[in-house]
Amino acid sequence: MAQPIVLSLGELLWDMLPGGKRAGGAPVNFIYHAMHNGADGYAISAVGEDELGDELVKVTKDAGINAIIQRNAWPTGTVDVALKNGIPEYTIVRGVAWDHILYTRELIEQVGKADCVCFGTLGLRSPESHDTIVELLKHTKPGAMKFFDINIRGDHYSKELIEELLSYATVFKLNDAELLLLRDMFGIRGTSDDEACRWFLTQYGLDYIILTGGSTFSTIISKTGDSSTLSTPHVEVADTVGAGDSFSGTFAAKILTGASLEEAHRAAVNTAAFVCTNDGAWPEYPEHIPDYLAEAGL
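Residues numbered from 1 in each chain as written. Predicted model: local features only at pLDDT ≥ 70, side-chain atom pairs only at ≥ 80, totals over all residues. Heavy atoms only, no water.

Asker: Got a sec to walk through the side chain of Gln70? Specific residues and values, please.
Answerer: Mapped onto the secondary structure, Gln70 falls in strand E5 (residues 67–72). Overall, Gln70 belongs to the buried group, its relative accessible area being 16%. In terms of polar contacts, Gln70 uses its side chain to reach the backbone amide nitrogen of Leu102, at 2.7 Å. (Helix = DSSP H or I, 4+ residues; strand = E, 2+ residues; numbered from the N terminus. Buried < 20%, exposed > 50% of the residue type's maximum accessible area, 1.4 Å probe, protein only. Polar contact = N/O pair within 3.5 Å; in protein donor to acceptor, adjacent residues only side chain to side chain.)

Asker: Kindly report on the layout of surface pockets, identifying the contributing residues and their values.
Answerer: In this model, the largest pocket occupies a volume close to 1,000 Å³. Lining the largest pocket are 44 residues, with Gly214, Thr240, Gly242, Ala243 and Gly244 positioned closest to its centre. At the level of elements, strand E2 (13–17), helix H1 (26–35), strand E7 (87–92), strand E10 (171–175), helix H6 (176–185), strand E12 (217–222), helix H8 (243–256) and helix H9 (261–276) are the ones that each hand at least two residues to the lining of the largest pocket. Its residues assigned to classes, the lining of the largest pocket shows 21 nonpolar, 15 polar and eight charged. Volume-wise, the second largest pocket comes out at about 240 Å³. (1 Å grid on protein atoms, 1.4 Å probe; cavity = no way out; pocket = protein on both sides within 12 Å on 5 of 7 lines; lining within 4 Å. Points joined across faces, edges and corners; volume = space filled by probe spheres on them. Nonpolar A, V, L, I, M, F, W, Y, C, P; charged D, E, K, R; others polar.)

Asker: Explain empty space enclosed by the protein to me, using residue names and the numbers behind them.
Answerer: Overall, the coordinates contain one cavity of 30 Å³ or more when judged by the stated rule. The volume enclosed by the largest cavity comes to roughly 70 Å³. Lining the largest cavity are 13 residues, with Ala26, Pro27, Gly120, Asp149 and Asn151 sitting closest to its centre. Those elements that provide at least two residues to the lining of the largest cavity are H1 and strand E8 (116–119). Here the lining of the largest cavity takes three residues from H1, the largest share from any one element. Considering only residue class, the lining of the largest cavity consists of six nonpolar, four polar and three charged.

Asker: Would you mind going over the packing of H1 against H8 in detail, with residue names and values included?
Answerer: In contact at an axis separation of 7 Å, H1 and H8 are set at 45° when each is read in the N-to-C sense. Compared by their axis directions, H1 and H8 come out oblique. Crossing hand, H1 versus H8: right-handed. Within the contact between the two elements, H1 uses Ala26, Asn29, Phe30, His33 and Ala34 and H8 uses Asp245, Ser246, Ser248, Gly249, Thr250, Ala252 and Ala253. Within the contact of H1 with H8, the residues separate by chemical class into five nonpolar, six polar and one charged. (Axes fitted to C-alpha atoms, helices over the stretch in contact; angles between N-to-C directions. Parallel < 35°, antiparallel > 145°, perpendicular 65-115°, else oblique. Left-handed = near helix turned anticlockwise from the far one by under 90°. Contact = heavy atoms within 4.5 Å.)

Asker: Describe in detail the sheet that holds strand E4 (residues 40–48), supporting the description with residues and values.
Answerer: Ordered in space as E5-E4-E1-E8-E9-E10-E11-E12-E13, the nine strands form an open sheet in which the pairing is mixed. Taken across any chain shown, the strands that pair with only one partner, and hence form the sheet edges, are E5 and strand E13 (227–231). Adjacent strand axes in the sheet meet at a mean angle of 15°, parallel and antiparallel pairs treated alike. The pairing of strand E11 (residues 208–212) with E12 spans five bridges and is antiparallel. Across the sheet, the residue bridging to Leu211 is Thr219, located in E12. Against the sheet, H1 makes contact with strand E1 (5–9), E4, E8 and strand E9 (145–149), and its axis sits at roughly 165° relative to E1, the strand it touches most. Most of the contacts of H8 go to E9, to which it runs at about 165°, and overall it touches E1, E8, E9, E10, E11 and E12. (Pairing = 2+ DSSP bridges.)

Asker: Give me the lowdown on the environment of Glu262, citing residues and values where you can.
Answerer: Inspection of the secondary structure assignment puts Glu262 in helix H9. Placed 42 residues apart in sequence, Glu262 and Ile220 show a C-alpha to C-alpha distance of 8.9 Å. Ignoring sequence-local partners within four residues, the contact set of Glu262 consists of Ser227 and Ser228.

Asker: Could you give an account of the environment of Arg189, naming the residues involved and the relevant values?
Answerer: Looking at the secondary structure, you find Arg189 in the loop between H6 and helix H7 (193–203). Each residue touching Arg189, except ones within four places of it in the same chain, is listed here: Arg183 and Asp184. A polar atom in the side chain of Arg189 sits 3.0 Å from the side chain of Asp184.

Asker: Outline the packing of aromatic side chains, listing residues and values.
Answerer: Under the counting rule described, the total for this entry stands at 13 aromatic pairs. The positively charged end of Lys21 is found above the aromatic ring belonging to Trp14, 5.1 Å away from the centroid. Here the basic side chain of Lys159 rests over the ring of Phe186, its NZ or CZ set 5.3 Å away from the ring centre. (Phe/Tyr/Trp six-rings, centres within 6.5 Å; stacked < 30°, edge-to-face > 60°. Lys NZ or Arg CZ within 6 Å of the ring centre and 35° of its normal.)

Asker: I'd like a rundown of helix H5 (residues 159–168), residues and numbers included.
Answerer: Of the residues making up H5, those classed as buried are Leu161, Ile162, Leu165, Leu166 and Tyr168. Down the axis of H5, the sector holding all buried residues measures 155°, keeping them to one side. Residues of H5 that are exposed and angled more than 90 degrees away from the buried face: Glu160 and Ser167. As for H5, its buried residues are in contact with E8, helix H4 (127–137), E9, E10, H6 and H7. (Arc of directions from axis to C-beta.)

Structure (structure tokens):
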């Protein structure tokens, strides 16, 4: 069986942490973990023609991440990150290189080969990258997974953008805080988590909806009616940067390589727990990730 091809579209940037800068961006984090879980991955983004851009291209390559990185005259993206009790808070700089991803024949060809394309709201905050990414989503092959990991940050989103991206998605991932916001936004107040998730699943014809609850639980519901809910195993947390992206990348890769819903879910939870025990979103993978769920009797 050939490796599935997974692409991500959107931000590649430097997280400017209290202890120094670290490469990141949710779509690239997704690719890193998809590649470590059986997929062939490519991150599509843009960086500036500056020293930070040079460093970001190098560190991405050194991490083993395949990438199509455009260079342009805008500054390389940065995010000021403050960790409060291990939880990241972000200040995302506007008007940067990944806001200006060009629509090219190369990108059309790559998207047309992909078995999965991942995207989120942040990467589409600017008109140019929005138009590029939406046009690329129109060129996915029939049956391709279109993974919408909403990743709401600050005010870099709108109801119109979320509705537009849901219209392309086959998989929708969000966390419990985001679901609370969307209940108000979409006029489904008073629904339970399960009812709200099933509303989105039906309303937008999704294959899967994924709801994560941080340190407590995660639930995945499929269009067939199958579902899986797991408690989050407790681990010694270094930081949670990239944990949600690692969950997404692992789940997508496992489903594409033939795992069942339950198998893919367990792998995703264990990978996210592993990432939380390490600094940063791209930890070096051990030969085997511990089965934290089994150790916790879950």
